[in-house]
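Summary of the model geometry
This is what each chain is made of:
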Amino acid sequence: MSDFEKFKEVLVKSTRVVGFTGAGISTESGIPDYRSQGGIWDKFQPVYLDEFISDESKRLLYWQRKKVLWQGIRDARLSRTHVFFKDLYDKGSLVGMITQNIDGLHEKSGLPKDIIVNLHGTNLEVICLECGDITPANQTLDDLNLDNGVPLCEKCNGLLKPNTISFGQSLVAEDIQRAEEMALSCDLMIAAGSTLLVQPAASFPVIAKNNGAVLAIITKSDTPLDDNADFVFHEQLGGFIDRVKKGDGF
Ligand SMILES: [Zn+2]
C-alpha cells in the first residue's frame, strides 16, 4: 500500500480531525504569500504596533496598504483545500481549524466561527484599540477615504485597526489556549500549506503528535517537522486534494 493510500485510509477512519493551515492554501485563492519573493513586504515596509499607536504617518501608511489590499481580500475565492476542510466538517469529522492566515477564507467556506482559531487575526474585521469594539471590515474599508486622516471608532473615537496581529503584537492568549485544546483533542492533524517555521503556530502540530494523533503534512517545501510526521506529501495542494477526493470513502 502506498503512503497516499495509507493516508486516505487514516483520513476516512478518523473521527476527530483538526486542520492547520498556512499561506500555501491561500496562494491558490490568489492571495499573495507574505514571505515569498514578490510578496507584499517587498512593496510596503511593515508597520509595528507601537509605531501604529504613536505615529500618525505610520498609521496612514498602514491604512493605505490595507486599502490597496482590501479588494483582493474581500473578493478572494475559496481554494480546493478550503472546500476540502468544509467537506470534512460536513462529514462530521472536522472538529477544529487552526490557521495562520488572515484572509477569513475558512469562515467564507462555511465553517462555523467557533471551530476556527485565527492565530494571526483576520482582515475581515476591524477592531477599536481603545474600547475593543469589533465591526465587519467592509464597513470601514469599502469606501475608505484617507484624505482626512485614518478612520476612528464611532463609539469612542479611538484608533481603529484591522483585527490582525501586527508586527510587535502578541497573539491572543485565548486563541492559543483554544488551539492547544484542539491539538490535544484530535486523532488526526492535517497541516496544509504551512512551512511550519513560525512560532508558536508551528507548535500545535507537535502538541498533537506528542499526544498520540497522526500528523500529516501537505506542503510544497520541506518543513522542520517532516521527520516527526506520519505522512509527508510535498505536493501542490490543489492536485493532492483532487486525488484524495477521488474514489471511495470520501
Ligand atoms: Zn472604540
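Here we summarise the structure given alongside this text. (Residues numbered from 1 in each chain as written. Predicted model: local features only at pLDDT ≥ 70, side-chain atom pairs only at ≥ 80, totals over all residues. Heavy atoms only, no water.)

**Some points on the overall build of the protein**
Secondary structure summary: the protein contains 10 helices and 9 strands in total. Radius of gyration (C-alpha) of the protein: 19 Å, near the 18 Å computed for a compact globule of 250 residues. Dimensions of the protein, computed from C-alpha atoms along their principal axes, come out at roughly 65 × 30 × 30 Å. Buried positions account for 48% of the 250 residues belonging to the protein. The contacts in the protein between residues at least 6 apart in sequence include a share of 70% that link residues at least 24 apart. Surface accessibility of the protein: about 12,200 Å² in total, with carbon and sulfur atoms responsible for 48%. One finds the centroid of the 26 positive side-chain charges in the protein at a distance of 4 Å from the centroid of its 35 negative side-chain charges. (Helix = DSSP H or I, 4+ residues; strand = E, 2+ residues; numbered from the N terminus. Rg over C-alpha atoms; globule rule 2.2 N^0.38 Å. Buried < 20%, exposed > 50% of the residue type's maximum accessible area, 1.4 Å probe, protein only. Contact = heavy atoms within 4.5 Å. Areas by Shrake-Rupley, 256 points an atom, 1.4 Å probe, with all protein chains shown as cover. Lys, Arg positive; Asp, Glu negative; His and termini not counted. Charge placed at Lys NZ, Arg CZ, Asp CG, Glu CD.)

**Side note on the coordination of the zinc ion**
Only Cys128 (SG), Cys131 (SG), Cys153 (SG) and Cys156 (SG) from the protein coordinate the zinc ion, and they sit 2.3 to 2.4 Å from it. In terms of primary sequence, the donors binding the zinc ion are separated according to C-x2-C-x21-C-x2-C. Pair noted here: Cys131 is in the loop between strand 4 (121-128) and strand 5 (134-136) and Cys153 is in the loop between helix 7 (137-141) and strand 6 (160-164), with a separation of 22 residues, a long-range link. (Donors = N, O, S within 2.8 Å, 3.2 Å for Na, K, Ca; no water.)

**A few points about the sheet that holds strand 5**
Taken in spatial order, the 3 strands line up as 5-4-6 in an open sheet, and their pairing is antiparallel. The two strands at the open ends of the sheet, each matched to only one other strand, are strand 5 and strand 6. Across the sheet, the mean angle separating the axes of adjacent strands is 45° when strand polarity is ignored. Here strand 4 pairs with strand 5 via 3 bridges, running antiparallel. Note on strand 5: the bridge partner recorded for Ile127 is Ile134. Contacts from helix 4 (residues 56-74) reach strand 4 and strand 6, with the element oriented near 50° to strand 6. (Pairing = 2+ DSSP bridges. Axes fitted to C-alpha atoms, helices over the stretch in contact; angles between N-to-C directions.)

**Thoughts on the packing of helix 8 (residues 173-185) against helix 9 (residues 203-210)**
Interaxial distance between helix 8 and helix 9 falls to 8 Å at its minimum, and their mutual angle equals 35°. Of the two elements, helix 8 crosses helix 9, and the hand of that crossing is right-handed. The segment helix 8 lies against helix 9, with Ile176, Ala179, Glu180, Ala183 and Leu184 engaging Phe204, Ile207 and Ala208. In the contact of helix 8 with helix 9, the residues fall into 7 nonpolar, no polar and 1 charged. (Left-handed = near helix turned anticlockwise from the far one by under 90°. Nonpolar A, V, L, I, M, F, W, Y, C, P; charged D, E, K, R; others polar.)

**Concerning the packing of aromatic side chains**
By the definition in use, this model includes 10 aromatic pairs. Measuring from centroid to centroid gives 5.5 Å for Tyr48 and Phe167, while their planes differ by 50°, and the two rings are tilted. Residue Tyr48 is found in the loop between helix 2 (23-27) and helix 3 (49-54), and its partner Phe167 is found in the loop between strand 6 and helix 8; the two are separated by 119 residues along the sequence. Judged by relative accessible area, Phe167 falls into the partly exposed class, the value being 33%. Put simply, the rings of Phe4, Phe7, Phe231, Phe233 and Phe240 pair up and form one aromatic cluster. (Phe/Tyr/Trp six-rings, centres within 6.5 Å; stacked < 30°, edge-to-face > 60°.)

**Things to note about the pattern of salt bridges**
If you walk through the whole model with that rule in mind, you get 12 salt bridges. For Glu56, the salt bridge identified is with Arg59, shortest N-O distance 3.0 Å. With a gap of 3 residues between them, Glu56 and Arg59 both fall in helix 4, about one helical turn apart. Look at Arg59 and you get buried, because its relative accessible area is 10%. A salt bridge links Arg243 to Glu235; the nearest nitrogen and oxygen atoms lie 2.8 Å apart. Its relative accessible area of 35% is what places Arg243 among the partly exposed residues. (Salt bridge = Lys/Arg side-chain N within 4 Å of Asp/Glu carboxyl O.)

**Here we look at the sheet that holds strand 8 (residues 214-218)**
Read from one edge to the other, the open sheet built from 6 strands follows the order 3-2-1-7-8-9, with strand pairing classed as parallel. The strands lining the two open edges of the sheet, one partner per strand, are strand 3 (116-118) and strand 9 (231-233). Pairs of neighbouring strands in the sheet enclose a mean axial angle of 10°, with direction left out of account. Two strands pair when backbone bridges link them, and strand 8 and strand 9 are joined in this way by 3 bridges, in the parallel orientation. Of the residues in strand 9, the one forming a bridge with Ala216 is Phe231. The strands that helix 1 (residues 3-13) touches are strand 7 (188-192), strand 8 and strand 9; relative to strand 9, the one it contacts most, it runs at about 120°. Lying on the sheet, helix 5 (residues 80-91) is in contact with strand 1 (17-21), strand 2 (94-99) and strand 7; it crosses strand 7 at an angle near 165°.

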